Amino acid sequence: MTASRGELKYEGKAKRVYATANPAEYVVEYKDDATAFNGVKKAQIGGKGAINNAITAHLFPQLEAAGVPTHFIELLSPTEQRVRAVTIIPVEVIVRNVAAGSFSKRLSVEEGTELSRPVVEYCYKSDALGDPLINTDTAVALGWATPEQLSRIRELALSVQAFLVPYFAARGVKLIDFKLEFGTLADGTVVLADEISPDTCRFWDAQTNEKMDKDRFRRDLGGVEDAYAEMLRRVTAPAS
Ligand code: TMP
């Protein structure tokens, strides 16, 4: 059951990915490191690695059961999980239900404005360029993904959306927006990878609209650790 960590394959801002003795599996280690604005702002958020690991490990099997294939295999330790080895497609997929963040800034739409349908956006996964907004033609023209992969990614992103919105609503949380990453297995199957956590989603309390995600860190709102801990509590709570 245990997968001992081999060579470090990749280190990102919030996670490390290690090879294992099985070439079809990796170990992902979640770090407490937090960055914003492409790494310009850096800090440690105590307990974040364990919380994001636990939240992702709670949600991914439920998404799998709802028809979204994922890279997740099992939790290994408070900060580690065993995953299927994927090649990450360098296209970040953002799904928005309510205007916020870069969408609000770019289009001058007040934060909190409900969108009449979900908006799917694509960004090029490049720290050097600050993850610029692209469209699907760009991703195909530059060889990042095929049209078939992109239509599958959109379909899966909307399935994630359809699962998560009522899931969080039943736990007193409005899902404002979220970012997903997908990868391909050795046989070419597209699967959901990366994480779903307060680092990669905007969560607002359904009653008060209080922010319960990484915006507390990005915007110096305080109470970052408490918000992450509260989100773990809500994600793992039964629906009410
Ligand atoms: P944005 O409004 O800043 O574009 O963010 C949209 C969503 O994507 C939000 O839920 C936060 C998440 N996100 C990431 O996961 N990684 C990033 O690098 C950025 C900029 C946003």
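These numbers come from a predicted model, not from an experiment.

**Description of the packing of aromatic side chains**
Moving on, step 1. Taken as a whole, this structure holds four aromatic pairs when the rule is applied.
Moving on, step 2. The interplanar angle of 85 degrees and the centroid separation of 5.8 Å between the aromatic rings of tyrosine 167 and phenylalanine 168 together place this pair among those described as edge-to-face. As far as burial versus exposure is concerned, tyrosine 167 and phenylalanine 168 are alike and both buried.
Moving on, step 3. Judged by centre distance (4.7 Å) and plane angle (45 degrees), the ring pair of phenylalanine 168 and phenylalanine 203 falls under tilted. Remark: phenylalanine 203 occurs in strand β14 (residues 201–205) and phenylalanine 168 occurs in helix α4 (residues 147–169); sequence separation between them is 35 residues.
Moving on, step 4. Overall, phenylalanine 168 belongs to the buried group, its relative accessible area being 1%.
Moving on, step 5. According to the relative accessible area criterion, phenylalanine 203 is buried, its value standing at 1%.
Moving on, step 6. Each residue in the set Phe163, Tyr167, Phe168 and Phe203 is aromatic and connected to the rest through ring pairs, giving one cluster.
Moving on, step 7. Its end group placed over the ring of phenylalanine 217, lysine 41 keeps NZ or CZ at 5.0 Å from the ring centre.
Moving on, step 8. Directly above the aromatic system of tyrosine 167 lies the positively charged group of arginine 171, at a separation of 3.6 Å from the ring centroid.

Calculation criteria
Residues numbered from 1 in each chain as written. Predicted model: local features only at pLDDT ≥ 70, side-chain atom pairs only at ≥ 80, totals over all residues. Heavy atoms only, no water. Phe/Tyr/Trp six-rings, centres within 6.5 Å; stacked < 30°, edge-to-face > 60°. Buried < 20%, exposed > 50% of the residue type's maximum accessible area, 1.4 Å probe, protein only. Helix = DSSP H or I, 4+ residues; strand = E, 2+ residues; numbered from the N terminus. Lys NZ or Arg CZ within 6 Å of the ring centre and 35° of its normal.

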